[in-house]
Amino acid sequence: MKILIVGGGIAGLSAAIALQGDGHDITIVETHDGWKPAGAGLHLPGNAMAALRALGIDQDVAAKSCAFPRLDYFDHRDGKLFSLETEQLGWPTFQALTRSDFHEILCTKLTTPTIRFGLSVSAIHHEPYQAQVSFTDGVSSSFDLVIGADGINSAVRRLAFGAEHMPQPTGYICWRWITDYPFGLIAPKFIIGHGQVILVMPVGDNRFYIYASTYDPGERIRDLSAGELAAHFARFEGPVREMLNAIGTDTVIHEGRLQQMIMPEWVTGRVILIGDAAHGTLPTMAQGATQSIKDGLALADALRTQSNIKTALASWQATRLPEAHWVQQQSLQRMGFAKIRGKAGVWLRNTLMRKIGPKIVASGFRSLIDGTAGTQKD
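The rules behind the values
- Residues numbered from 1 in each chain as written.
- Predicted model: local features only at pLDDT ≥ 70, side-chain atom pairs only at ≥ 80, totals over all residues.
- Heavy atoms only, no water.
- Axes fitted to C-alpha atoms, helices over the stretch in contact; angles between N-to-C directions.
- Helix = DSSP H or I, 4+ residues; strand = E, 2+ residues; numbered from the N terminus.
- Parallel < 35°, antiparallel > 145°, perpendicular 65-115°, else oblique.
- Contact = heavy atoms within 4.5 Å.
- Nonpolar A, V, L, I, M, F, W, Y, C, P; charged D, E, K, R; others polar.
- Core = buried A, V, L, I, M, F, W, Y, C linked by side-chain atoms within 4.5 Å.
- Buried < 20%, exposed > 50% of the residue type's maximum accessible area, 1.4 Å probe, protein only.
- Pairing = 2+ DSSP bridges.
- Salt bridge = Lys/Arg side-chain N within 4 Å of Asp/Glu carboxyl O.

Visitor: It is not clear to me how the packing of helix α10 (residues 309–335) against helix α11 (residues 343–370) should be interpreted in this structure. Could you clarify?
Guide: Think of two packed helices as two axes; the pair is described by the angle between the axes and how far apart they sit. Contact pair α10 / α11: the axes reach a minimum separation of 12 Å and the direction vectors enclose 170 degrees. Considering their axes alone, α10 and α11 lie roughly antiparallel with respect to each other. Between α10, through E323, W326, V327 and R334, and α11, the contact on the second element is made entirely by I360, V361, S363, G364, S367 and L368. Here the contact of α10 with α11 is composed, by residue class, of five nonpolar, three polar and two charged.

Structure, rendered in structure tokens:
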């Protein structure tokens, strides 16, 4: 089968790795002029382990990542709220690494696909048994299957599914970067404040991934300098405040608005969407990468087991869509805790989290780990 994968991020590369051993003629097109992984750090919760193993990269990830025994939650004054002891629960390993390390692992695993940089799609025309694709260099070609793995602002989605399908704002702005500030943590530290959240996550080699977000539905905040960022999160106490004040001018900070992309259908003719192009979600449950990898694995499995491509694609969507939509709903609901700003509301939320926080957090991960997420019982 002649397959085009648009996008060389986690979704596109994972799909290529899952498909490359089945004799397909695979081409990956990437709009950048080389590999440029987006973001800073990557959290891979316990349910990611099965997907990493199926993709054949679990050992490579383990060698580059930091594994941790629990998740720790604090208030903005650096007071402990609760811990979720993932290791004691007997769950698969929770771990994290830098996005650049993960992207390098995926690239190393590629064997047969043709990769073309500095190229994207400009038009897609549906034919009875193929998709005719025009590229930004003026060349056109037909493919048996086109996989849109080009992110939440997907060109494939716009061209093949219609411009009316647009990502929706969620009201949050975030900043992400890697620091070597000496936190000395062995587990992620989630800090929840007044409409703000900061995550400090070890990613190996004495480095830490920092994620900071603010609920800003009016989109009044933008382009903060390092000093302005430290002032913006001035209510946070403890080591994280010292880290914010120590941010250097050479630190690469990724700023962006959090969006969500809910698509009722991921298949139209011979064109499909995977990853953020199909189900971009909030990072609350750290499922972006895992869900993208599972898309590619399930697609390869469906194409192997179904001789008819139309049937295979329908089966693939039926397998993947319920869990991905469940993750989106759960992530949005759980992010609601971060919206709370008032003093009384923050006190009530923190009191509640001290009592039942572990149960709330565990319920989501447990459903993903045991495979019931998105089923009727949820």
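Visitor: I'm lost on the nonpolar core in this one. Help?
Guide: Buried together is how nonpolar side chains tend to be arranged in soluble globular proteins. With 68 residues, the main nonpolar core has L4, I5, L44, F102, L145, I147 and L299 as its most contacted residues. Considering every element that reaches this core, the biggest residue donor is helix α1 (residues 10–19), with eight residues. Core analysis: the second largest hydrophobic core is formed by 31 residues, L71, Y73, F94 and V197 among them.

Visitor: Mind showing me how you'd approach the sheet that holds strand β17 (residues 254–260) here?
Guide: Strands belonging to one sheet form pairs held by backbone hydrogen bonds; the direction of such a pair is parallel or antiparallel. Pairing is mixed across the open sheet formed by seven strands, whose spatial order is β6-β5-β14-β15-β16-β13-β17. The sheet terminates laterally at β6 (80–84) and β17, the two strands that pair on one side only. Averaged over neighbouring strand pairs, the angle between their axes works out to 20 degrees when direction is ignored. Here strand β13 (residues 168–179) pairs with strand β16 (residues 207–215) via eight bridges, running antiparallel.

Visitor: Help me out: how do you make sense of the pattern of salt bridges in this one?
Guide: Pairs can form between side chains of opposite charge whenever their charged atoms are close. Enumeration over the complete set of coordinates arrives at twelve salt bridges. R77 is paired through a salt bridge with E237; the nearest N and O atoms lie 3.7 Å apart. In this pair, R77 sits in the loop between β5 (71–75) and β6 while E237 sits in the loop between α6 (226–232) and α7 (239–245), placing the two residues 160 residues apart along the sequence. Relative accessible area serves as the criterion here: at 55%, R77 is assigned to the exposed category. Close ionic contact of R116 with D137 constitutes a salt bridge, the shortest N to O distance being 3.0 Å.

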